[in-house]
Amino acid sequence: MLNSHDQAVHDMVQSSMDQSEYWNDALDLIDGYEAAAQNDHKHASEATDFIGLCQRARSEIKRLALMQRIDKDDREKD
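Rules of the game
Residues numbered from 1 in each chain as written. Predicted model: local features only at pLDDT ≥ 70, side-chain atom pairs only at ≥ 80, totals over all residues. Heavy atoms only, no water. Helix = DSSP H or I, 4+ residues; strand = E, 2+ residues; numbered from the N terminus. Buried < 20%, exposed > 50% of the residue type's maximum accessible area, 1.4 Å probe, protein only. Patch = residues over 30% accessible without salt bridge, like charges linked within 9 Å, V, L, I, M, F, W, Y side chains within 5 Å. Areas by Shrake-Rupley, 256 points an atom, 1.4 Å probe, with all protein chains shown as cover. Salt bridge = Lys/Arg side-chain N within 4 Å of Asp/Glu carboxyl O. Core = buried A, V, L, I, M, F, W, Y, C linked by side-chain atoms within 4.5 Å. Expected span 1.5 Å × (residues − 1). Arc of directions from axis to C-beta. Contact = heavy atoms within 4.5 Å. Axes fitted to C-alpha atoms, helices over the stretch in contact; angles between N-to-C directions. Parallel < 35°, antiparallel > 145°, perpendicular 65-115°, else oblique. Left-handed = near helix turned anticlockwise from the far one by under 90°. Nonpolar A, V, L, I, M, F, W, Y, C, P; charged D, E, K, R; others polar.

### Structural notes on the environment of D73
Assignment of secondary structure puts D73 in helix α3 (residues 44-77). Assessed through its relative accessible area of 34%, D73 is described here as partly exposed.

Structure follows, in structure tokens:
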């Protein structure tokens, strides 16, 4: 079972992927979320937490993209 932080990252990744056709588009969405949070000076502590979630989501999207590419390369070798 995922803890609340892990669930938030999972939801952010899933939402970004649902809204995007390509991996880079999903990363652009995450970058936009992070930029908006960095500009939110009224809610600094929440923004800092959200920026951390964005960074974890970005890493997860990159990991998934890499895994998909490795799987595709393996299938092409066969």
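### Remarks on a nonpolar patch on the surface
On the surface, L66, M67 and I70 cluster together to form a nonpolar patch covering roughly 280 Å² of accessible area. Take I70: it is sitting in helix α3.

### A look at the nonpolar core
By size, the foremost hydrophobic cluster in this structure holds 10 residues: V9, M12, V13, A26, L27, I30, L53, C54, A57 and I61. If you list the elements that add at least two residues to this core, you get α1 (4-18), α2 (23-38) and α3.

### Here we look at α2
If you check α2, its first and last C-alpha atoms are 23 Å apart, about what 16 residues at 1.5 Å a residue would give, namely 22 Å. Of all the positions in α2, only A26, L27, I30, E34 and A37 are classed as buried. Within α2, the buried residues cover an arc of 100 degrees as seen down the axis, which keeps them to one side. Buried residues in α2 make contact with α1 and α3.

### What about the packing of α1 against α3?
At their nearest, the axes of α1 and α3 sit 9 Å apart, and the two run at 60 degrees to each other. Between α1 and α3, the angle falls in the class oblique. Both α1 and α3 take part in a crossing whose hand is right-handed. Note on element contacts: α3 touches α1 through F50, L53, C54, R56, A57, E60, I61 and L64, opposite H5, D6, A8, V9, M12, V13, S16 and M17. Class assignment for the residues of the contact of α1 with α3 results in 11 nonpolar, two polar and three charged.

### With respect to the side chain of S16
Relative to the helices and strands, S16 resides in helix α1. Its relative accessible area of 0% is what places S16 among the buried residues. With residues up to four places along the chain from it excluded, the contact list for S16 reads A26, L29, I30, Y33 and I61.

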